[in-house]
Amino acid sequence: MRRTRRVPVRTWTGIAAAVAAVSLVAACGSGNAGDSGEDSDSGDASGETLVVWFPGKSEAEMALVNDTIVPAFEEETGAQVEVTFVDWPDLSPKLNAAFAAGTAPDVIGHGVAATADLAANERVLDLSSYIDEMDPELRDDISVALEGGEVGGTPYMVPLIMTARLLVYSGADFTEAGLDPEAPPATWEEVHEAAEQLTVRDDDQITRSGLLLGSQPIANQQSFATLLWSNGGDFLNEDGTEAVMNSPEGVEALQYFADLYQGEDPVDGMLGVEWSALPVGEQPVVAGTASMQLVSAGAIVDYQAAAPDRDLRLMPPPAFEGSEPGTFGGPGNGLMINADSEVPDLAWEFVASMVEPETNLAYAQELGQLPIHASAIDSDYITSNPALVTAVEALPYAHGNPNVPGWVQMRDAMGQHLERALHGEADPAEALDQSASEVDEIIAAGS
Amino acid sequence: MLFVIPAALYVVVFQFIPVAYGLVLSFSDYSPLDRGGPEFIGWDNYASIFTDASFARAMGITGRYVLQVLPFTVAIALGLALLSNRVFRGVGLFRTGLYVPHVVSLTAVSMVWLWIYSDSGLVNQVLDFLGLAPQRWLTTQDAALNAVSAMRIWKALGSNMVLLLAGLQTVPKDLYEAARMDGANAWQQFRAVTLPGLRPMLTYVVAMDIIFLAQGFPEIFVLTQGGPYGSTTTVNYLIYTEAFQYNQMGSASAMAFVLFAFIAAFTIVAIRVGQGRRS
């Protein structure tokens, strides 16, 4: 649905306030920026309370934050930190309700894609003044990550992790199929040829997929992004005012994606299957039901530990012939500060503590992601594993989704047409034309 | 009067006011992120709904979902109620066993069925045991809504059976004796005595099932998230995405009231049909 004409009716404010007070306050639990008391500039925040929401419920992340990071911060500042971990699917609904009820947390953890809408509605602080005061050396060290948290050149989020979607492949399967695991494919065309050799079938059933790309909703857009960017295409024009994913590069990328499932020789037998949420041991490339799989690169450490006999490695990001490599990723989830927080300086202290090199490295390690510090490439964690070196070296090729208001709506609108193309129910060109048309409508509506 | 006040307050504060506020929102443009609050836009949200292809599709899917669950769940529940209306050893256990699914929350049950339908889940294990190929129950357009419907039929059986059993036990025994004396066989007794006697309860069961099924959400949210490519996006799931993913509370509220109008209309028709046959 689109926004239409607006006629303010002030008398509704009372009703809205009453209902919001009754229904939303009851629904939203703790997390009240308004009961935190005075802020402190000095770091002595005794008696103050900082409310923080982190996205996701990773056991390792919760343990690190609750048992190490927060106690250290509380000891250093004297403040009390109330941390809540919110499941990703519940995060936006809960946060939006909390904003409406005035109970949003002081520090908001979210994905980069959420930043633009929150900034457009003036719900999060412009962090320029805080970032300007950072140690210049540290600021330079995380400058790539900081750019990912900007909307229109203004920083609203400090990302905590870096990500890059890379192909993990089984050296054992490569050897078995007569391929050289030391010389993995360098282009998507070569990846497809290798996938054909690696695919194992029982009659017309694929029992081992040669290549797996995420094809379920949301993941399909991210997989398509990887193909699109590595073919020189993009979703929106430079100023974000027009959809351009239906370019010839986009059509070629989607045709490649659809051909993994359709045609005479499909190589991916898991169309629409939600494998990304499976435990590590059940991931197809770990369990041996896939030979190449597009994954978040930092996860390679857990994959290798779970299946040492599979000889799992990371492939540098491929490109379509004649194009530069590109992949979905870049700065991942990060922290923002509630514009209504009564303790913004304390909130910033917490954010700053999370990006201290040692803390951030430990945090990224626990999440199975990559740290935001460029200097982390020299850390023992990275240098001890050649696959992680490959992952860090791939970061310059990683792109994030466009950070524009209404992106979630655009992504979902596009996702349905991508699904139709992957299922062979729409021609890639037609699917992308319809995607572009709907995305243009969303841009025009200014949502 | 004093004793009624707490319950009345509860109904007013937690039911009447939210519904009334929802109605107000349906005539407004409102995002919870917007500091300005709701802004009146008249009938625009309702006008948009009737030109919105995704809403029309969701209405169709919701209708199909109701129509492919309702007849099966009522018919099977009636058969089970007839069975459990007899006296045999273990009838209590039989009735309890059938009612158990109703006691468990729909969300929890859906989680169990998510595994049952998974690639290595119970259904595919049974197929494998029988030498048949495994199927993708929740990720193909043809199978997803049917798979959700099968789960919902199972889930609704218990409550429907208990209600119909209660209805069966209100049918006077002497009517059966009279029918038998007139030479009626079992089928004739069912048609001439059981069904007319059960009609008020059947009407109630059908009406309540229409109301609950048309509001199907938890099972969709857990099992399919509205996919694949929208083939299980019911109106309630569309309302959820509109309100909580896209922050369009106004249009989501309008959708909710249009859905309410359709449910009310179909329920009234079902009740009228039931009453008409009885009279």
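Residues numbered from 1 in each chain as written. Chains lettered and ligands numbered in written order. Predicted model: local features only at pLDDT ≥ 70, side-chain atom pairs only at ≥ 80, totals over all residues.

If you check an unreviewed UniProt entry, chain A appears there as ABC transporter substrate-binding protein from Occultella glacieicola.

### Focus on the packing of helix α7 (residues 141-168) of chain B against helix α9 (residues 186-214) of chain B
Residues and elements named next belong to chain B. Where α7 contacts α9, the axes come no closer than 9 Å and their chain directions differ by 155 degrees. When the interaxial angle is binned, α7 and α9 end up roughly antiparallel. Helix-helix and strand crossings are classified by hand; for α7 and α9 the assignment is right-handed. Contacts between α7 and α9 pair Arg152, Ala156, Asn160, Leu163, Leu164, Ala166, Gly167 and Leu168 from the former with Leu198, Met201, Tyr204, Val205, Asp209 and Leu213 from the latter. For the contact of α7 with α9, the per-class residue count stands at 10 nonpolar, two polar and two charged. (Axes fitted to C-alpha atoms, helices over the stretch in contact; angles between N-to-C directions. Helix = DSSP H or I, 4+ residues; strand = E, 2+ residues; numbered from the N terminus. Parallel < 35°, antiparallel > 145°, perpendicular 65-115°, else oblique. Left-handed = near helix turned anticlockwise from the far one by under 90°. Contact = placed C-beta atoms within 7 Å. Nonpolar A, V, L, I, M, F, W, Y, C, P; charged D, E, K, R; others polar.)

### Comments concerning unusual backbone geometry
All names here are of chain B. Even without glycine at this site, Gln225 takes up a positive phi of about 55 degrees. Owing to 18 C-beta atoms within 10 Å, Gln225 belongs among the partly exposed residues under this scheme. The phi angle at Asn247 is positive, at roughly 60 degrees, despite the residue not being glycine. Examined against the element boundaries, Asn247 turns out to sit in the loop between α11 (235-245) and α12 (249-278). (Buried ≥ 20, exposed ≤ 12 C-beta atoms within 10 Å, placed from the backbone.)

### Focus: the environment of Ile142(A)
All names here are of chain A. Assignment of secondary structure puts Ile142 in the loop between α6 (136-141) and α7 (143-148). Along the primary structure Ile142 and Ser375 are separated by 233 residues, whereas in three dimensions their C-alpha atoms are 8.8 Å apart. Discounting chain neighbours no more than four positions away, the residues touching Ile142 are Val355, Ile372 and His373.

### Considering the packing of helix α11 (residues 248-259) of chain A against helix α19 (residues 428-445) of chain A
Residue and element names in this part refer to chain A. One can describe the packing of α11 onto α19 by two numbers: an axis separation of 9 Å at closest approach and a directional angle of 120 degrees. Judged on the interaxial angle alone, α19 and α11 are oblique. The crossing of α11 and α19 is right-handed. On α19, the residues touching Gly250, Val251, Leu254, Gln255 and Ala258 of α11 are Pro428, Ala429, Ala431 and Leu432. Broken down by class, the residue content of the contact of α11 with α19 amounts to seven nonpolar, two polar and no charged.

### Thoughts on the environment of Tyr397(A)
All names here are of chain A. Here Tyr397 lies in the loop between α17 (386-394) and β15 (398-399). The exposure class assigned to Tyr397 is buried, which follows from the 20 C-beta atoms found within 10 Å. Considered as a pair, Tyr397 and Gly329 are 68 residues apart in the sequence and their alpha carbons are 8.6 Å apart. Residues contacting Tyr397, with those up to four places away along its chain left out, are Pro317, Pro325, Gly326 and Thr327.

### Concerning helix α18 (residues 407-422) of chain A
All names here are of chain A. Look at α18: 22 Å from first C-alpha to last across 16 residues, which is about the 22 Å you get at 1.5 Å a residue. Of all 16 residues making up α18, 15 are buried, and the element is well covered by its neighbours. Backbone geometry just downstream of α18 places Gly424 in the positive-phi region, at approximately 75 degrees. (Expected span 1.5 Å × (residues − 1).)

### Side note on the sheet that holds strand β2 (residues 49-55) of chain A
All names here are of chain A. The mixed open sheet is built from five strands, whose spatial order is β3-β2-β4-β14-β7. Edge positions in the open sheet fall to β3 (80-86) and β7 (158-159), since each of these has one partner strand only. Note that strand β4 (residues 107-110) and strand β14 (residues 334-337) share four bridges and pair antiparallel. Pairing of Ile108 across the sheet is with Met336, part of β14. Across the sheet, helix α3 (residues 88-101) lies against β2, β3 and β4, angled at about 120 degrees from β3, the strand it touches most. (Pairing = 2+ DSSP bridges.)

### Points about α11(A)
Residues and elements named next belong to chain A. Its 12 residues give α11 an end-to-end C-alpha distance of 16 Å, which sits within 8% of 16 Å, the value for a rise of 1.5 Å per residue. Across the 12 residues that make up α11, a large majority, nine, are buried. Taken as a whole, α11 has its buried residues at Glu249, Gly250, Val251, Glu252, Ala253, Leu254, Tyr256, Phe257 and Ala258. Looking at the packing, one finds that the buried side of α11 touches α9 (188-198), α10 (219-229), α18 and α19.

### Regarding the domain arrangement of chain A
Residues and elements named next belong to chain A. Taken domain by domain, chain A holds domain 1 (30-161 + 332-372) and domain 2 (163-329 + 403-445). Contact residues are listed per partner, giving 13 residues for domain 1 and 12 residues for domain 2. In terms of residue count, helix α4 (residues 115-120) provides more of the side of domain 1 that touches domain 2 than any other element does, four residues in total. Its residues placed into classes, the side of domain 1 that touches domain 2 shows eight nonpolar, four polar and one charged. (Domains from an automatic or database assignment.)

### Side note on the pairing of β14(A)
All names here are of chain A. The side-chain alternation of β14 yields two buried faces, one formed by Gly334 and Met336 and the other by Leu335 and Ile337. Examined bridge by bridge, β7 and β14 share two bridges and lie antiparallel to one another. Opposite Val158, over in β14, you have Leu335 as the bridge partner.

### Notes on the pairing of strand β10 (residues 205-208) of chain A
Residue and element names in this part refer to chain A. As defined by bridge partners, strand β9 (residues 200-202) adjoins β10 across three bridges and the pair is classed as antiparallel. When the bridges of β10 are listed, Val200 appears paired with Arg208. Counting the residues between successive antiparallel strands, the hairpin from β9 to β10 contains two residues, one of them, Asp203, with a positive phi of roughly 55 degrees.

### Section: the nonpolar core
Counting residues in each nonpolar core, the largest one holds 133 residues, and the members touching the most others are Leu50(A), Leu166(A), Val168(A), Phe257(A), Phe350(A), Val351(A) and Ala391(A). When residues of this core are assigned to their parent elements, the largest contribution, eight residues, is made by α18(A). Each of domain 1 (30-161 + 332-372) and domain 2 (163-329 + 403-445) of chain A gives at least three residues to this core. Counting 56 residues, the second-largest nonpolar core is a separate cluster that includes Phe55(B), Leu78(B), Ile239(B) and Ala254(B). (Core = buried A, V, L, I, M, F, W, Y, C linked by C-beta atoms within 7 Å.)

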